[in-house]
Amino acid sequence: MRTPFALCILLFACTPSTDRQAPAKEEAPTATPANVSHGEAPVGTTATPAPVEAAAPARSTARLHRVRLEMLDTVVTIAEGVRYRAWTFAGQVPGPVLRVTVGDTVDFTLVNRAMMPHSMDFHAAEVAPSRAYVNVMPKDSLHYRWVAKVSGAFMYHCGTAPAAAHIANGMYGAVIVDPARPRPAAREYVLVQSEFYTMPGAGADSATRTLDWPKFLSLAPDQVTFNGRAAQYASHPLPAKSGELVRFYVVNAGPNRVSAFHVVGGIFERVFMDGRSVPTLEGVQTVNVPVGGGSIFEVRPTEAGDYPFVSHAFADATKGAIGILKVE
Ligand SMILES: [Cu+2]
């Protein structure tokens, strides 16, 4: 039964005043929205490249890949004007993209130039973790080999306990494993989604932020990023051409938030989840990439314009999991 209008007014008037006391700390935005779909972040031009390259490295023809990664502590920028004291592979967050082909051997050396033990866990490898994914002490190194047997987009990360802290501090990256028969030609981008949970650093270094453990446990990140920097591909859109096949290799490093990957204005022609060599899905709008997972997305925009790509979990898009594919 519908509540009479007068009764509604009465109920509202009788609402205990405690319900309308001091506003919450975080208020929903009330400003006039940008005149662009998904205007969560200002859209720039393609005139200057983004701080972190998103273009995928070229497919390799080498069958043996000698990869040497140094782990070191460094300060990185995770959003415009926001610096973070990170633990890294090769001094960057995410670490370098590694690209190999099914059947290739990765001859891997891990060097620890940081202050504490670290390790490396390749999701693209099938090895005994107790042999390969072991701690490397500071000033020490580790060497092992693995063969890429399954194609797909894979995460790699430090697995040293607490892995939560090592991943939250920036120790992750992506491996692309190509099928032996190459995928169709496309414009290719790699996006590693991840979160940062931050608080001011100690003492004189308060301007550089560090990991906030209670925020981490509460799943309340300050930034959610593609390739380690909030909204960098909105301010520096990724170019594409009308009618061109665009392929996104999306790896979700987390450490906590599922990515609901979506391209506004597009429908994915094909999605290859994890190591699937045949499409898992065709003609889909949004597909979750689980934490610790990766998928390959193919979309073909046919009209010139700006196409936002987001995690459709919109708290995360608001915190930086947003970019623009600029189609010309
Ligand atoms: Cu580590």
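Before reading on, note that the structure itself is shown above.
Residues numbered from 1 in each chain as written. Predicted model: local features only at pLDDT ≥ 70, side-chain atom pairs only at ≥ 80, totals over all residues. Heavy atoms only, no water.

**Here's the deal with the sheet that holds strand β7 (residues 152–157)**
Working step 1: One open sheet accounts for four strands, arranged β3-β8-β7-β5; its pairing is mixed. Two strands bound the open sheet, and with one partner strand each, they are β3 (98–101) and β5 (121–122). (Pairing = 2+ DSSP bridges. Helix = DSSP H or I, 4+ residues; strand = E, 2+ residues; numbered from the N terminus.)

**Describing the side chain of Asp 121**
Working step 1: Within the fold, Asp 121 resides in strand β5.
Working step 2: Although Asp 121 is buried, it forms no salt bridge, and the closest oppositely charged side chain is Arg 131 at an N-O distance of 12 Å.
Working step 3: For Asp 121, the contacting residues outside a window of four places in its chain are Tyr 133, Met 155, Tyr 156 and His 157. (Buried < 20%, exposed > 50% of the residue type's maximum accessible area, 1.4 Å probe, protein only. Lys, Arg positive; Asp, Glu negative; His and termini not counted. Salt bridge = Lys/Arg side-chain N within 4 Å of Asp/Glu carboxyl O. Contact = heavy atoms within 4.5 Å.)

**Description of the pairing of strand β11 (residues 208–211)**
Working step 1: Alignment of strand β2 (residues 82–89) against β11, held across two bridges, turns out to be parallel. For Arg 83, the partnering residue across the bridge sits in β11 and is Thr 208.
Working step 2: Here strand β10 (residues 198–200) runs beside β11; their pairing, made up of three bridges, is antiparallel. Across the sheet, residue Met 199 finds its bridge partner in β11, namely Thr 210.

**Thoughts on the coordination of the copper ion**
Think of it this way: four donors in a tetrahedron around the metal ideally sit 109.5 degrees apart, and six in an octahedron ideally sit 90 or 180 degrees apart.
Working step 1: Bound to the copper ion on the protein side are His 118 (ND1), Cys 158 (SG), His 166 (ND1) and Met 171 (SD), at distances that span 2.0 to 2.7 Å.
Working step 2: Around the copper ion, the four donor atoms sit at angles spanning 83 to 134°, and that spread fits a shape best called irregular.
Working step 3: We note that the donor set of the copper ion lies within a single chain, spaced as H-x39-C-x7-H-x4-M. Residue His 118 is located in the loop between β4 (105–112) and β5, and its partner Met 171 is located in the loop between α3 (163–168) and β8 (172–178); the two are separated by 53 residues in the primary sequence. Here His 118 matches Met 171 in class, with each residue buried. (Donors = N, O, S within 2.8 Å, 3.2 Å for Na, K, Ca; no water. Tetrahedral: all angles 85-135°; square planar, octahedral: opposite > 155°, others 65-115°.)

**What to know about the layout of surface pockets**
Working step 1: Taken as a whole, the largest pocket encloses approximately 390 Å³ of empty space.
Working step 2: Forming the walls of the largest pocket are 15 residues, and the residues nearest its centre are Glu 26, Pro 29, Asp 222, Thr 318 and Lys 319.
Working step 3: A per-class count over the lining of the largest pocket returns seven nonpolar, three polar and five charged. (1 Å grid on protein atoms, 1.4 Å probe; cavity = no way out; pocket = protein on both sides within 12 Å on 5 of 7 lines; lining within 4 Å. Points joined across faces, edges and corners; volume = space filled by probe spheres on them. Nonpolar A, V, L, I, M, F, W, Y, C, P; charged D, E, K, R; others polar.)

**Overview of the sheet that holds strand β13 (residues 238–240)**
Working step 1: If you walk across this open sheet you meet the five strands as β13-β21-β20-β15-β18, and the pairing is mixed. What marks the edges here is a single partner per strand, and that holds for β13 and β18 (286–289). On average, adjacent strands in this sheet sit at an angle of 25° to one another, irrespective of strand direction. (Axes fitted to C-alpha atoms, helices over the stretch in contact; angles between N-to-C directions.)

**Some points on the environment of Val 127**
Working step 1: Tracing the backbone through its elements, the reader meets Val 127 in the loop between β5 and α2 (129–132).
Working step 2: If we skip the residues at most four places from it in the chain, Val 127 touches Ala 132, Tyr 133 and Trp 146.

By themselves, these figures tell us nothing about what the structure is for.
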